[in-house]
Amino acid sequence: MAPAATDKLAAAADRSFTTISGRPVEPVYTEASVAGIDPATDVGEAGQFPFTRGIHASGYRGKLWTMRQFAGFGTPEETNERYRRLLKAGGTGLSVAFDLPTLMGLDPDHTLSIGEVGKCGVNVATLADMERLFDGIALSDVTTSMTINSPAAVIFAMYLVVAEKQGADWARLSGTIQNDILKEFIAQKEYIYPPRPSMRLVTDTFAFCTTHVPRWNSISVSGYHIREAGATALQELAFTLRDGIEYVQWGVDAGLAVDAFVPRMSFFFNAHSDFFEEVAKYRAARALWAKTMRDRFGAKDDRSWKLRFHTQTAGVSLTAQQPYNNVVRTAIQALAGVLGGTNSLHTNSLDEALALPTEEAATLALRTQQIIAHESGIASVVDPFGGSYFVERLTKDLEDGALAYFERIDRMGGMVAAIEQGFPQREIAESAYKFQQAMERREKIIVGVNDFVQDQDTPIETLYVDETAATRQIDRLSQVRSGRDAGEVHRALDALRAAAQRSTNLMPPILDAVRAYASLGEICDALRQVWGEYEETTVL
Amino acid sequence: MTIDQRPTTRDQHPTSNVQRPIRVIIAKPGLDGHDRGAKVIARALRDAGMEVIYTGLRQSPEQIVSAALQEDADVIGLSILSGAHNHIAPRLMQLMRDKGLDDVLVVMGGIIPNADVPNLKALGIRGVFQPGTSMQEIVDFMRVHARSQAPEEAGPNP
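Residues numbered from 1 in each chain as written. Chains lettered and ligands numbered in written order. Predicted model: local features only at pLDDT ≥ 70, side-chain atom pairs only at ≥ 80, totals over all residues. Heavy atoms only, no water.

What about the overall build of chain B?
Check the secondary structure of chain B and you find five helices and five strands. Classification of the 158 residues of chain B by burial places 56% in the buried group. Sequence separation of 24 or more characterises 72% of the internal contacts of chain B that already satisfy a separation of 6 or more. Of the roughly 6300 Å² of accessible surface on chain B, a fraction of 50% belongs to carbon and sulfur atoms. (Helix = DSSP H or I, 4+ residues; strand = E, 2+ residues; numbered from the N terminus. Buried < 20%, exposed > 50% of the residue type's maximum accessible area, 1.4 Å probe, protein only. Contact = heavy atoms within 4.5 Å. Areas by Shrake-Rupley, 256 points an atom, 1.4 Å probe, with all protein chains shown as cover.)

Printed below as a string of structure tokens:
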């Protein structure tokens, strides 16, 4: 299978040197490479505009990044047990993974939920499930990140009502809802409603948080899924930041002041395998956001300028073949995230090309972060690549490339319009196909897959999710349905439908429906009846 | 893997003598929206001269089988990354038998643990392609096995 050594030499001589995104790179970078980059305005100092070198002057000396590992499976009880263990082990942050029925706003007894309940995350159908999920966990003392998008307002309402029942003050709650519907249309595809009413749900949560839950991150604008779907580093950067701009614009159009809600927007990027390109991507993202918020939206509060982001290593880079190689890939990717100044990090487990991670694999992934943080010395110095001819050039090129994409999308009428025209979807599909072709031609090498292949892999253990989760969740739901006041549920859902037809904020009627123990599916259905469901025009 | 290089002309098909390209339905059953693999393979099969119909997301087994009937498909390629394959495959294969589509080659790709592969093969999913499979392998597999009724167990997995 492996070609002879001479073939390899010949191939190396012919090979064009490009990043994993296909960006050509020079053999060496010199002072001439950074001509035209102004050290003061383009790069600046850490903690100062445009924050290319980081949002904190002291880097990780003041505070390490948050090691936030995403977890969830089966029933709320099982996941609650995992969370309590995590918190007992010294964690302060939780990150909830929901299953596909929950992400799609479907109850576990829906026909489309068959086989999916509890598989990719935890199933939450009613307030009762949310109460079980956080049983014994004081919501005023933890920060909780919830990966939920189309039904984000409903799940957030459930969380708020659990906090209310615990006697916690909403004003003191801290955490994040992903709430990024644009990347669902672009890449992840867990959407329910058409783009425009979906955007209203997002701006309603912005407005609600501003007044009632001021310490909550009302959105995590996500490039992660865009990259996983096949985007290049530049496309990830450009589409994510342009999504961010779209949310700000819709918030402003809904009557919110920029500095009232933008400081609570956060971001989420991928850490892929091409080391320097990733480091440059994070640096460019900070500079782009700062300049755009100040110059395009007139933001005055420096918290609106500072791009805070979570990073996850690239799931798509993991291989089923020779799975232990994934530990090395993840370590290199995590390193890029840290050197790029991430504020929080999830490292993937070695078995994720095969299944959800086992506990051992998830622990090893966390250890990888701890070794970087405490043994490598990397966290002692702010932005150690600052001033590197290569990294500064890449940073500027990515920034310029993203600005060119912004212009194209602006000309289309903004990101919602661009999505409706299939533009980002087409761009990503094209990049995904090009990368696959490059791999098959062996222009890009994936160790263990298209080179250095072994006939026999060491089998590894994988996690099996208990198949009884579905029946247990369905039983629970019918218990809740028979125990609640049906008239109250009816009235709450009617009020929600009526509010959806007007333009008042939807959070209060959603909170009322949640308090009445209406299920996630019932609440989402009420909105489906008003707005309809989105069906994408497939782009191949 | 080994692929025997038999010719793949239309005249192997038991019910037709007309030469036409292999027709493939690429389907995404279940709720997961990860469509990168489905789209890449759809393009690769099209570039390899096959006729490809991509169903789009969240198709029920009933919808997929009905598309296969309507389109007179030679192959159904299922893409599943959510872990729901063990629920979807038996329903789909039962429907295929009910509709007399036993001669349609059914293959699957996605996040499929090794332990599930023998069971899927026993259900009649003749090719199971895990992450890292090349497009060429899948093209070759379809060329060899589409329209051949013998349930040979060739393929990338044991």
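What to know about the packing of helix H8 (residues 195–212) of chain A against helix H10 (residues 233–253) of chain A
All names here are of chain A. As a packed pair, H8 and H10 sit with axes 10 Å apart at the nearest point and diverge in direction by 75°. What the angle tells us is that H8 and H10 run roughly perpendicular. Each of Arg196, Met199, Val202, Thr203 and Phe206 in H8 lies in contact with H10, whose residues at this interface are Glu246, Tyr247, Trp250 and Gly251. Its residues assigned to classes, the contact of H8 with H10 comprises five nonpolar, two polar and two charged. (Axes fitted to C-alpha atoms, helices over the stretch in contact; angles between N-to-C directions. Parallel < 35°, antiparallel > 145°, perpendicular 65-115°, else oblique. Nonpolar A, V, L, I, M, F, W, Y, C, P; charged D, E, K, R; others polar.)

Digging into the domain arrangement of chain A
For chain A, the domain assignment lists domain 1 (223–348 + 358–452) and domain 2 (481–531). Averaged C-alpha coordinates put domain 1 of chain A and domain 2 of chain A at centres separated by 37 Å. (Domains from an automatic or database assignment.)

What to know about the pattern of salt bridges
Throughout the structure, instances matching the rule amount to 52 salt bridges over all chains. Ionic pairing is found between Arg283 of chain A and Glu392 of chain A, a salt bridge with its closest N-O pair at 2.9 Å. Within this pair, whereas Arg283 of chain A is found in helix H12 (residues 275–295), its partner Glu392 of chain A is found in helix H16 (residues 389–412), the two being separated by 109 residues in sequence. In this pair, the class of Arg283 of chain A matches that of Glu392 of chain A, namely buried. Arg91 of chain B serves as the salt-bridge partner of Glu62 of chain B, at 3.6 Å between the closest nitrogen and oxygen. (Salt bridge = Lys/Arg side-chain N within 4 Å of Asp/Glu carboxyl O.)

Structural notes on the packing of aromatic side chains
Residue and element names in this part refer to chain A. This model, assessed by the stated rule, comprises 29 aromatic pairs over all chains. When the centroid spacing of 5.0 Å and the interplanar angle of 75° are considered together, the rings of Tyr60 and Trp65 count as edge-to-face. Note on Tyr405 and Phe423: the rings are 6.3 Å apart at their centroids and 55° apart in plane angle, and the pair reads as tilted. Linking Tyr405 in helix H16 with Phe423 in helix H18 (residues 423–440), this pair joins segments that are 18 residues apart in sequence. Pair check on accessibility: Tyr405 and Phe423 agree, each one buried. Put simply, the rings of Tyr29, Phe275, Phe276, Phe385 and Phe390 touch in pairs and so form one group of aromatic residues. (Phe/Tyr/Trp six-rings, centres within 6.5 Å; stacked < 30°, edge-to-face > 60°.)

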